[in-house]
Amino acid sequence: MKFSKTYVNILNVAKKKFRSHGYSAVGIGEILAESGVSRSSLYHFFPGGKEELAQAVLHNIHQESISRLESFFFQGRDPVQEICSYFLAKADEIDRGDNRVSVNMLIMETAEMSPRLHKLACEITDSLNAYFYREIEQCGFSEELTCQVASTVLSMSLGAMNYCSITGRSSLLRNLVQQLPLLFSANGYRPPVSRGTA
């Protein structure tokens, strides 16, 4: 679907503001001022105002997150290495100061704003979590153990990413990445032996 330049401009400014300051701290006036569009233009594209704009931002972030996950996961390498590489890339984003508010923090905040945003937040969270489940499933664990390991990885990583986003320092996430292989091996995972090392 092709969107107008005005729509994309409003969406990008809102996304930047929400990722820098959070949903609640950003007013429509700030989005209008930075985007340079009129109030009537914003409401033409987003008749539901800030809530509808938040939905569009969350959909956009969801698509970006899926593309990002797919660029790391299911590449035919060791799944643990793929997960670690993904989190190291997230740590690099934090070090660059790309976003002060993590995707997870934004999803949690907007989920409390309305039933519609809550439903969308749950759908996005379930969708992104499914990527981790499918990646971890490649380790050959039972379904039950896959669920347990995925829950552990997601809980620890989300906490670490939120903390690192708030502090602007990635050390906690980088420390977690160093420990992830131990979690997998403690649950019986053995990485594939690469050719030439056997």
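See above for the structure.
About the cut-offs
- For every chain, the first residue of the written sequence is number 1, and numbering continues from 1 along that sequence.
- Per-residue local features of the predicted model are confined to residues with pLDDT of at least 70, and side-chain atom pairs are confined, for both listing and counting, to 80 or more; whole-chain, interface and lining totals are unaffected and use all residues.
- With hydrogens and water set aside, each side-chain value is computed from the structure's full complement of heavy atoms.
- Only C-alpha atoms enter the line fits that serve as axes; for helices the fit covers just the stretch in contact. Angles between N-to-C directions range over 0 to 180 degrees.
- We count a stretch as a helix when DSSP gives it H or I for four or more residues in a row; a strand needs E for two or more, and each element gets its number in order from the N terminus.
- Throughout, the term roughly parallel applies to angles under 35 degrees, roughly antiparallel to angles over 145, roughly perpendicular to angles from 65 to 115, and oblique to all others.
- Throughout, a residue-residue contact means that at least one pair of heavy atoms, one from each residue, lies within 4.5 Å.
- When residues are sorted by character, Ala, Val, Leu, Ile, Met, Phe, Trp, Tyr, Cys and Pro go into the nonpolar class, Asp, Glu, Lys and Arg into the charged class, and all the rest, Gly among them, into the polar class.
- In what follows, salt bridge is the name for a side-chain nitrogen of Lys or Arg lying within 4 Å of a carboxyl oxygen of Asp or Glu.
- Only protein chains enter the accessibility calculation, which uses a 1.4 Å probe; a residue is then buried when its area is under 20% of its type maximum, exposed when over 50%, and partly exposed in between.
- In a helix, the anticipated span is given by 1.5 Å times the number of residues less one.

Chemist: Give a detailed account of the packing of helix H1 (residues 5-21) against helix H4 (residues 49-72), specifying residues and quantitative values.
Modeler: Where H1 meets H4, the axes come as close as 9 Å, and the angle between the chain directions of the two elements is 85°. Looking at the two axes, H1 sits roughly perpendicular to H4. Of the residues in H4, those in contact with Tyr7, Ile10, Leu11, Ala14, Lys15, Phe18 and Arg19 of H1 are Lys50, Leu53, Ala54, Ala56, Val57, Asn60, Ile61 and Glu64. Here the residues of the contact of H1 with H4 sort into 10 nonpolar, one polar and four charged.

Chemist: Describe in detail the pattern of salt bridges, supporting the description with residues and values.
Modeler: Inspection of every chain in the model, using the stated rule, returns nine salt bridges. Lysine 15 is the salt-bridge partner of glutamate 64, the closest N and O atoms lying 2.5 Å from each other. Here glutamate 64 is found in helix H4, whereas its partner lysine 15 is found in helix H1, with 49 residues between them in sequence. Given the relative accessible area of 41%, glutamate 64 is considered partly exposed. In this structure, glutamate 123 and lysine 119 form a salt bridge, with 3.2 Å as the shortest nitrogen-oxygen distance.

Chemist: Describe in detail helix H5 (residues 79-96), supporting the description with residues and values.
Modeler: Helix length check: H5 (18 residues) gives 26 Å between terminal C-alpha atoms against 26 Å at 1.5 Å per residue, within 8%. Listed as buried for H5 are Pro79, Val80, Glu82, Ile83, Cys84, Tyr86, Phe87, Ala89, Lys90, Ala91, Glu93 and Ile94. Elements in contact with the buried residues of H5: H4, helix H7 (115-137), helix H8 (143-167) and helix H9 (171-186). Where H5 terminates, the next one or two residues include glycine 97, which has phi positive at roughly 75°.

Chemist: Provide a residue-level description of the environment of methionine 113, including the pertinent values.
Modeler: Here methionine 113 is to be found in the loop between helix H6 (103-111) and H7. Accessibility expressed as a relative area gives 39% for methionine 113, which makes it partly exposed. Between the C-alpha atoms of methionine 113 and tyrosine 23, which are 90 residues apart in sequence, the distance is 9.4 Å. Not counting residues within four places of it along the chain, the set of residues in contact with methionine 113 comprises Tyr23 and Ser24.

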